[in-house]
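Here is how the chains run, residue by residue.
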Amino acid sequence: MANFHQLPKNLLHPRYWPSWWAVAALGLLAFLPWQARHALGKQLGRLIYKHNTKRRQIILVNLDFAFPELTAAEREQFALENLQDYACALLDYSLLFFRSRKHLYKRIQLSGQEYLEQALAKKQNIMLLLGHSVWLEFAPVAIGEQFQAYGSYKPFKNPVFNWLILRSRLRDVQFVVSREEGMIKLVRSLEPGKLLFFLPDQDHGEKHSVFAPFFQAEKSTLSTPARIAKLGRACAFPIMSFFDPRTGKYKVKIEPALEDFGALDAQEDASNMNASFERLIRQHPTQYMWLLKLFKTRPKQAENPYLKFTRHP
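Residues numbered from 1 in each chain as written. Predicted model: local features only at pLDDT ≥ 70, side-chain atom pairs only at ≥ 80, totals over all residues. Heavy atoms only, no water.

Trainee: I keep staring at a positive patch on the surface and nothing clicks. Help me out?
Mentor: A surface patch of like charges, here positive, comprises Lys54, Lys154, Lys157, Lys293 and Lys296. Mapped onto the elements of the fold, lysine 293 is located in the segment after helix H11 (266-281). (Patch = residues over 30% accessible without salt bridge, like charges linked within 9 Å, V, L, I, M, F, W, Y side chains within 5 Å. Areas by Shrake-Rupley, 256 points an atom, 1.4 Å probe, with all protein chains shown as cover. Salt bridge = Lys/Arg side-chain N within 4 Å of Asp/Glu carboxyl O. Lys, Arg positive; Asp, Glu negative; His and termini not counted. Charge placed at Lys NZ, Arg CZ, Asp CG, Glu CD. Helix = DSSP H or I, 4+ residues; strand = E, 2+ residues; numbered from the N terminus.)

Written as structure tokens, this is what we have:
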């Protein structure tokens, strides 16, 4: 792993200057009151909703699968609110890059840590199944304050933001493993007292996946987390981050460990994991990352629903 605490000189090339201007703007946003930052985020989200048809349509397709009972008007309102939460979260990530961890710890509330403490007392290996809420990056901050952790990551296309995000993550976790390095390194690094972060709720295709219920649809769901739990003799805790507009604080919620995770068949493990995520998402449904192509892999070789958008804006 490269040293992400030191800025690579090649990132100072003029072709990256627009990215650095964006970083500078984020630096200013980090010191605004959250109400002002979120007011800007709401407006940015409204602009994305109006002008970024592709992103809006991805959300609407997902809502068709997950919430078919919603009317067209309700889906459109949901999509708007989802994009506004997404934009607010993007602006809030400025806190991760430019404010101290001492400042952040005052703004984050962690619940369910007693489940981890009980497992640690029993010398159990622990895997944290981190769901894709729009505020997901606040979970490693909360965990890093009290526990030792590590995880995997997918490199970002923009090298400036890739460096900035990894630099931020390494303030909270011991190390990160690129997805290209595979599952074995994650398993071998498991040991009591060191928590593994794993993001399992994207659609990665049929390989290493099974179809399991997710809201009111069947979703291609990774079986990899259950295999890691079995190989690493680990208990798995679903975890997700949200923002509470009443208090202005970020809430990171840890659910009890999935029962017999890794000891059941792949279908049952995937169903239990999805059900736990669904319970968390329903607490703040518009704060989930509905921008992801969650249902692109369909049973019986059905067409990818994102290839053609038949819904009108």
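Trainee: Please explain the pairing of strand S8 (residues 234-244) as it appears in this structure.
Mentor: Remember that side chains alternate between the two faces of the sheet whenever the strand is regular. Taken across its eleven residues, S8 has eleven buried, putting it largely inside the fold. One ladder, built from six bridges, connects strand S2 (residues 125-130) with S8; its direction is parallel. Along S8, the bridge assignment pairs leucine 128 with phenylalanine 237. Here S8 runs beside strand S9 (residues 249-254); their pairing, made up of six bridges, is antiparallel. Across the sheet, the residue bridging to methionine 240 is lysine 253, located in S9. Connecting the antiparallel pair S8 and S9 is a turn made up of four residues, with glycine 248 showing a positive phi of about 70°. (Buried < 20%, exposed > 50% of the residue type's maximum accessible area, 1.4 Å probe, protein only. Pairing = 2+ DSSP bridges.)

Trainee: What should I look at first to understand the pattern of salt bridges in this one?
Mentor: Pairs can form between side chains of opposite charge whenever their charged atoms are close. Counted according to the given criterion, the structure contains ten salt bridges. Among the salt bridges present, the one from arginine 37 reaches aspartate 92, with a minimum N-O distance of 2.6 Å. In this pair, arginine 37 sits in helix H2 (residues 34-51) while aspartate 92 sits in helix H4 (residues 72-98), placing the two residues 55 residues apart along the sequence. On the basis of relative accessibility, which here comes to 0%, the residue aspartate 92 falls in the buried class.

Trainee: Which parts of the structure should I look at to understand unusual backbone geometry?
Mentor: Positive phi, normally seen in glycine, also occurs at histidine 208, with a value near 60°. Relative to the helices and strands, histidine 208 is located in the loop between strand S5 (194-198) and strand S6 (209-214). Unusually for a residue other than glycine, aspartate 260 sits at a positive phi of about 55°. By the secondary structure assignment, aspartate 260 is in the loop between S9 and H11.

Trainee: Even after reading the chapter, I still don't get H11, so can you show me in this structure?
Mentor: The periodicity of an α-helix, 3.6 residues per turn, causes residues three or four places apart in sequence to face the same way. Here H11 contains 16 residues, and its C-alpha end-to-end distance of 22 Å stays within 8% of the 22 Å for a straight helix at 1.5 Å per residue. Three or more residues of H11 are buried, namely Asp269, Ala270, Met273, Asn274, Ser276, Phe277, Glu278, Leu280 and Ile281. Those residues of H11 hidden inside the fold are in contact with S2, S6, strand S7 (217-222), helix H10 (224-231), S8 and S9. (Expected span 1.5 Å × (residues − 1). Contact = heavy atoms within 4.5 Å.)

Trainee: Hey, could you run me through the packing of aromatic side chains in this one?
Mentor: Working definition: an aromatic ring pair is given by the centre-to-centre distance plus the angle between the planes. The full count for this structure, using the stated rule, is 18 aromatic pairs. Consider the rings of phenylalanine 65 and phenylalanine 295, whose centres lie 4.9 Å apart with planes at 25°: the pair is stacked. Remark: phenylalanine 295 occurs in the segment after H11 and phenylalanine 65 occurs in helix H3 (residues 53-66); sequence separation between them is 230 residues. A relative accessible area of 23% places phenylalanine 65 in the partly exposed class. (Phe/Tyr/Trp six-rings, centres within 6.5 Å; stacked < 30°, edge-to-face > 60°.)

Trainee: I would appreciate a short explanation of the packing of H3 against H4 in the present structure.
Mentor: Each pair of packed helices gets described by two things: the angle between the helix axes and the distance between those axes. It is at 10 Å that the axes of H3 and H4 come closest, and there the two elements cross at 125°. Here H3 is positioned oblique relative to H4, judged by the angle of their axes. By crossing handedness, the relation of H3 to H4 is classed as right-handed. Residue-level inspection shows Arg55, Arg56, Ile59, Leu60, Leu63 and Asp64 of H3 in contact with H4, the latter providing Arg75, Glu76, Phe78, Ala79, Asn82, Leu83 and Tyr86. Grouping the amino acids of the contact of H3 with H4 by side-chain chemistry returns seven nonpolar, one polar and five charged. (Axes fitted to C-alpha atoms, helices over the stretch in contact; angles between N-to-C directions. Parallel < 35°, antiparallel > 145°, perpendicular 65-115°, else oblique. Left-handed = near helix turned anticlockwise from the far one by under 90°. Nonpolar A, V, L, I, M, F, W, Y, C, P; charged D, E, K, R; others polar.)

Trainee: I'm lost on the environment of leucine 80 in this one. Help?
Mentor: Counting through the fold element by element, leucine 80 comes out in helix H4. With a relative accessible area of 9%, leucine 80 lands in the buried category. Taking the C-alpha atoms as reference points, leucine 80 and arginine 56, separated by 24 residues in sequence, lie 8.1 Å from one another.

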